[in-house]
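A structural walkthrough
Single-letter residue listing:
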Amino acid sequence: MDVDKIKELIELMKTNDLNELKIKDGETRILLRRGAKGNPQIIQMPHQPLTAPMPAPAAAPAAPAPVADENAGLIEITSPMVGSFYAAPSPNAESFVKVGDHVDTDTVVCIVEAMKVMNEVKSEVKGTIKKILASNGQAVEFGTALYLVEPD
Amino acid sequence: MAGTLLDILRRHNEQWLSVETLQGILPLDAPAIHQRIEQLRLMGYQIESNPVYGFRLHGTEDRLSSELIETSLNTKRIGRKVLVYKETNSTNDVAWQHADEQGYDGLAVLAEHQRKGRGRLGRNWQAALGQSVLLSVLLQNETNIASAQLTLLAGLCVAEAVEEATGIATRIKWPNDVMAKGRKLAGIMVEARQLRQGRCFVIGMGINCAQKQQEFAPEHRHRAISLSQLTETQIDRVHLTQMLLRKLDQWLANTNVDRSDQLHDRWLARCDIVGHHLELISNGQTFAGRVLDVCCREGLLLQLDDGVVRVFDGSTTSTRP
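Another point: the overall build of chain B. The number of helices and strands found in chain B is eight helices and 14 strands. Relative to the globule expectation of 20 Å for 321 residues, the C-alpha radius of gyration of chain B, 22 Å, shows essentially globular dimensions. Seen through its principal axes, chain B has C-alpha atoms that stretch 80 × 45 × 30 Å. Excluding contacts between residues fewer than 6 apart, the proportion of contacts in chain B whose partners are at least 24 apart in sequence is 61%. Within the structure as shown, chain B displays about 14,100 Å² of accessible surface, and the carbon and sulfur contribution to it stands at 47%.

Residue and element names in this part refer to chain B. In the contact formed by helix α6 (residues 147-166) and helix α8 (residues 260-268), the axes pass within 10 Å of each other and the chain directions differ by 50°. In terms of orientation, α6 and α8 fall into the oblique class. Between α6 and α8 lies a crossing whose hand is left-handed. Listed contacts from α8 to Gln 149, Leu 152, Leu 153, Leu 156 and Glu 160 of α6 are Ser 260, Leu 263, Arg 266 and Trp 267.

Here helix α7 (residues 237-252) of chain B is 16 residues long and its end C-alpha atoms lie 22 Å apart, about the 22 Å a rise of 1.5 Å per residue gives. Backbone nitrogen of Val 238 of chain B and a side-chain oxygen of the N-cap are separated by 3.1 Å at the start of α7 of chain B; the cap is Asp 236 of chain B.

Turning to the packing of aromatic side chains, a few remarks are in order. Residue and element names in this part refer to chain B. Under the defined criterion, the tally for this structure stands at four aromatic pairs over all chains. Consider the rings of Trp 16 and Tyr 53, whose centres lie 5.7 Å apart with planes at 35°: the pair is tilted. With Trp 16 in the loop between α1 (2-11) and α2 (19-25) and Tyr 53 in the loop between β1 (46-50) and β2 (54-58), this pair connects stretches of sequence that are 37 residues apart. By relative accessible area, which is 27% here, Trp 16 ends up partly exposed. Overall, the relative accessible area of 49% leaves Tyr 53 in the partly exposed class. Positioned above the aromatic ring of Trp 96, the side-chain terminus of Arg 193 is 4.2 Å from the ring centre. The ring of Trp 251 has Arg 259 sitting right over it, with the charged end atom 4.4 Å from the ring centre.

All names here are of chain B. Neither face of strand β7 (residues 177-180) is exposed, since Asp 177 and Met 179 on one face and Val 178 and Ala 180 on the opposite face are all buried. As paired strands, strand β6 (residues 171-173) and β7 are joined by three bridges and run antiparallel to one another. For Arg 171, the partnering residue across the bridge sits in β7 and is Met 179. In textbook terms, the turn of a hairpin is the stretch between consecutive antiparallel strands, and for β6 and β7 this stretch comprises three residues. Two elements, β7 and strand β8 (residues 183-195), share four bridges in a ladder whose sense is antiparallel. Residue pairing across strands places Ala 180 opposite Arg 183, the latter belonging to β8. If you look at the hairpin formed by β7 and β8, you'll find two residues sitting between the two strands, and Lys 181 has a positive phi there, around 50°.

Okay, unusual backbone geometry next. Residue and element names in this part refer to chain B. That bond from Trp 174 to Pro 175 is cis: its omega, -10°, falls within 30 degrees of zero. Tracing the chain through its elements places Pro 175 in the loop between β6 and β7. With phi around 65°, Glu 14 is a residue other than glycine that occupies positive phi space. Relative to the assigned elements, Glu 14 resides in the loop between α1 and α2. The phi dihedral of Lys 181 is positive, around 50°, even though this residue is not glycine. As for its position among the elements, Lys 181 is in the loop between β7 and β8.

The next thing to look at is the environment of Asp 152 of chain A. All names here are of chain A. With respect to the helices, strands and loops of the structure, Asp 152 is situated in the segment after β11 (145-151). With a relative accessible area of 64%, Asp 152 lands in the exposed category. For the pair Asp 152 and Lys 126, spaced 26 residues apart in the sequence, the C-alpha separation amounts to 6.1 Å. Discounting residues that sit within four places of it in the chain, Asp 152 has contacts with His 102, Lys 126, Gly 127 and Thr 128. Here His 102 takes part through its side chain, which lies 2.8 Å from a polar atom of the side chain of Asp 152.

Turning next to the pairing of β11 of chain A. All names here are of chain A. Across the seven residues that make up β11, a large majority, five, are buried. Pairing of strand β4 (residues 75-78) with β11, which is carried by four bridges, proceeds in the antiparallel orientation. Bridge pairing links Thr 78 to Ala 145 in β11. Pairing of strand β9 (residues 127-132) with β11, which is carried by five bridges, proceeds in the antiparallel orientation. Among the inter-strand pairings, Thr 128 is bridged to a residue of β11, identified as Glu 150.

Reading the values: the criteria
Residue numbers here run from 1 along each chain, matching the order of that chain's written sequence. Here the convention is simple: chains get letters from A, ligands get numbers from 1, in the order in which they are written. Note on the predicted model: pLDDT of at least 70 is required for a residue's local features to be given, and 80 or more for side-chain atom pairs to be given and counted; whole-chain, interface and lining totals, by contrast, use all residues. Each side-chain value is derived from all of the structure's non-hydrogen atoms; neither hydrogens nor water enter the calculation. In this text, helices come from DSSP runs of H or I with a minimum length of four residues, and strands from runs of E with a minimum of two, each type numbered from the N-terminal end. Only the C-alpha atoms count toward the radius of gyration. The rule for a globule is 2.2 Å times the residue count to the power 0.38. Between two residues, a contact is recorded if the distance between any of their heavy atoms is within 4.5 Å. Methods summary: accessible areas were calculated by the Shrake-Rupley approach with a probe of 1.4 Å, and residue burial reflects only the protein chains presented. Helix axes are fitted only over the stretch in contact, all axes being lines through C-alpha atoms; the angle between N-to-C directions runs from 0 to 180 degrees. By definition in this entry, angles of less than 35 degrees are roughly parallel, angles greater than 145 are roughly antiparallel, angles of 65 to 115 are roughly perpendicular, and the rest are oblique. For a crossing to be left-handed, the near helix must be turned anticlockwise from the far one by less than a right angle; the clockwise case is right-handed. Every helix has an expected span of 1.5 Å times one less than the residues it contains. Definition of a polar contact: a pair of N or O atoms within 3.5 Å, with one able to donate and the other able to accept a hydrogen when the atoms are protein atoms, and with sequence-neighbouring residues admitted only if both atoms are side-chain atoms. Working definition: rings of Phe, Tyr and Trp (its six-membered ring) pair if their centres are within 6.5 Å, and the pair is stacked with planes under 30 degrees apart, edge-to-face with planes over 60 apart, and tilted otherwise. Categorising residues by exposure relies on relative accessible area from a 1.4 Å probe, with only protein chains included: less than 20% of the type maximum marks a residue as buried, more than 50% marks it as exposed, and the intermediate range marks it as partly exposed. Definition used: whenever NZ (Lys) or CZ (Arg) falls within 6 Å of the ring centre and also within 35 degrees of the ring normal, the charge is taken to sit over that ring. Paired strands, in this sense, are two strands between which DSSP finds at least two bridges.

Shown next, in the form of structure tokens:
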């Protein structure tokens, strides 16, 4: 479900003064709920919560996507999964990469922890780290941009 | 074969066994027996020798050895290769060193002592010589199983292996601690890497075996426990390791078959979390609610106090009952 659609639903809730809205659209289920201040909360429901299906193979890192405007020409390294972002292998260790570092396709740039599994994330692109977009310990979604890389 | 000789020596602890007696039991000649005795000494066993009386073993402390573990293991995938180190930085690191080599799928790495064992987030996993079972298992090119399932599966295998090998009742604390009498008995950490030949995992497991309470670090002392504190019987770490490898093999020998329902049910049977009200911290925010279910893939399904149902990943750092 895209962001515009969700915005539309939020407007619909506001104009009709609805507090809760459940939408089921194929595999996607969404629950919108307006909080104390009237700000809707978006809750992504799991697909089949009570009978866990055989999970699909762990997702391969998403293909690098080009980024527009001031970051023109830069390529995003995105999170391959939902989890917590760690820039370094341990709290007191040095970060895997810093701004200005040169990375190769198989350079490890960070760890995303999901369900207590430490997943190494590789650059998948050859170039120079220009920006670090995620902060240490931050919760990230599938596809969240973590780094911007200027390709060679 | 060193395994069989060792078994005999252990059964006759502190008693002399002549070379002739040993030859009568084992299909070995005298030079071969001497050679095996030397191997056992290198492994750290204290064996006294006498030209007339033969050999006797001192002490009952067990030592891990790949021969002992591989003997009659009979697994299809896990533990087909076993490496035992007297000391290493981290068994997980050793397993990763072999991740690129052909034929190392299912490799089991054990160490008597670990200098820099890693827990989650670089937390140190302490282990003095011979006091623990420190085991890392390598899975090469594993695409069927979701990484989240491995955390639950490893916890379940450790809990079941401990209970069957020692008779000590175990529970699981969400998501990956194995508990006995409300204290932490074992920990698990899974690492995943995308390598040239495919997705690889190392499952690291640490079981406290012989530690006395004062031997745990002060900061963990009040919530850690070891097997020897829970039973009078001597812990046979070889037997426990074999049991654990067989349990893992039952789940991992053939991952083409979907057994997530079975995993879900058996895991839940050892965990008291469903139905409980708890508080947890996710991304710096505190949430409170009742646990509806545990999903093998996504994590905890929580009905928050305001009625909203939400899924929390297992990396959610802390839960309070």
